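Fold and contact review
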Amino acid sequence: MSTQSSWEEGNFSRFICTANHGFAPYAQEELRRTFGAVKSTVLVPGEILLAGLPVAEEEVADKLWAEYPTFLRHIQPVQFQENTEDSEQSIEKLIAFVLNHKELTGTPVVLQVRKTEGSFWQENAASLKQLLTEKLDELGCEWVVRDAEYVISVFAANDMLYAGVSRPEQNLSDWSGGAVRFQKEDGQISRAKFKLLEAEQTFGIDFTSFHKALDIGAAPGGWTSFLLERGLEVTAVDPAKMDATLLASPKLTFLKKNAGDVRFREGEFDLLVCDMSWSPKLMSRLVSDLLYSLQPGEQRLLP
Ligand SMILES: C[S@@+](CC[C@H](N)C(=O)[O-])C[C@H]1O[C@@H](n2cnc3c(N)ncnc32)[C@H](O)[C@@H]1O
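Note that the coordinates shown come from a computational prediction; the quantities given were computed from them, not determined experimentally.

**A closer look at the environment of threonine 34**
Here threonine 34 shows up in helix H2 (residues 24–35). Residue classification places threonine 34 among the buried residues on the basis of a relative accessible area of 19%. In this structure, the C-alpha to C-alpha distance between threonine 34 and alanine 66, residues 32 residues apart in sequence, is 9.5 Å. If near-sequence neighbours (up to four positions away) are discounted, threonine 34 is found in contact with Lys63, Leu64 and Glu67.

**Observations concerning empty space enclosed by the protein**
Over the atoms, a rolling probe the size of a water molecule traces out where space has been left empty. What the rule picks out here adds up to two cavities of 30 Å³ or more. The computed volume of the largest cavity comes to approximately 50 Å³. Lining the largest cavity are Val110, Gln112, Val145, Arg146, Asp147, Ala148, Val151, Pro168 and Asp174. The residue inventory of the lining of the largest cavity, partitioned by class, reads five nonpolar, one polar and three charged. Roughly 40 Å³ of internal volume is contained in the second largest cavity. Around the second largest cavity, the lining residues are Phe15, Glu57, Val60, Ala61, Ile75, Pro77, Ser166 and Gln170. Listing elements by their share of the lining of the second largest cavity, those giving two or more residues are helix H3 (57–67) and strand E4 (72–77).

Analysis parameters
Residues numbered from 1 in each chain as written. Predicted model: local features only at pLDDT ≥ 70, side-chain atom pairs only at ≥ 80, totals over all residues. Heavy atoms only, no water. Helix = DSSP H or I, 4+ residues; strand = E, 2+ residues; numbered from the N terminus. Buried < 20%, exposed > 50% of the residue type's maximum accessible area, 1.4 Å probe, protein only. Contact = heavy atoms within 4.5 Å. 1 Å grid on protein atoms, 1.4 Å probe; cavity = no way out; pocket = protein on both sides within 12 Å on 5 of 7 lines; lining within 4 Å. Points joined across faces, edges and corners; volume = space filled by probe spheres on them. Nonpolar A, V, L, I, M, F, W, Y, C, P; charged D, E, K, R; others polar.

This is the structure:
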């Protein structure tokens, strides 16, 4: 079926689509490649789009799962849309829309509420969530944070309220907006550690299966601490300072150097991780120049 006829036959669905900040244009290109055409409106510049797709709502997630998009991290269906000129009335209409979803009664449900900075709802998203939870009491569902059967997704934009009800897997991620949140630990060296925790969880990487890692752009040491916790020996390279608590570790070798100025034995490592804040092109060159130090056939390069 051609894309043109899909639009005409009403085989059409709308989703709020989220990417990491600055990556929405790439996410839009992923949608275009998967669905042939996208009609989109920006809700949050560089990050969140309202996209019209020439396919039925139920087919969207399956098609995306098959492609495994890199930049598009979350979608939520738009089945309800209301102008918020009269905000109280629009919220009442939203409540009525959700109460119509009888399948939610008696099941574990997560309510995910997000808003734009200039939203008609001027308080924070948590207070809107609180209000909606109270008003949806008669639904008789079990409110949960994780492992829900259904997700109610609400997006309070500048002058529009959007909502949809879906299964978590239909949203690509069961985290609100796809933003995985980890709890900060006592003594955690840097937030950068969350990136490896997310990679571990999302891609199911068993870091304990590696033995010796090269961590370039390692300071202050969040990734290094993560790798040490997983039992690896780590060689960390960075001209900046590493956190003092790590330096006593017998499994850590720290080279206070630029990654372009270090040499290793061939095949010395079985994992190379790089979190360098530099031009992606120059960073790729530096990493390529160090590939000889990875064991042949066993090469693992992250991210
Ligand atoms: C985002 S921080 C890394 C954070 C670290 N992964 C963590 O978990 O704490 C980026 C680091 O890249 C380092 N860097 C930038 N250019 C570098 C280069 N040419 N060689 C080595 N490190 C470099 C910076 O000094 C900085 O410490």
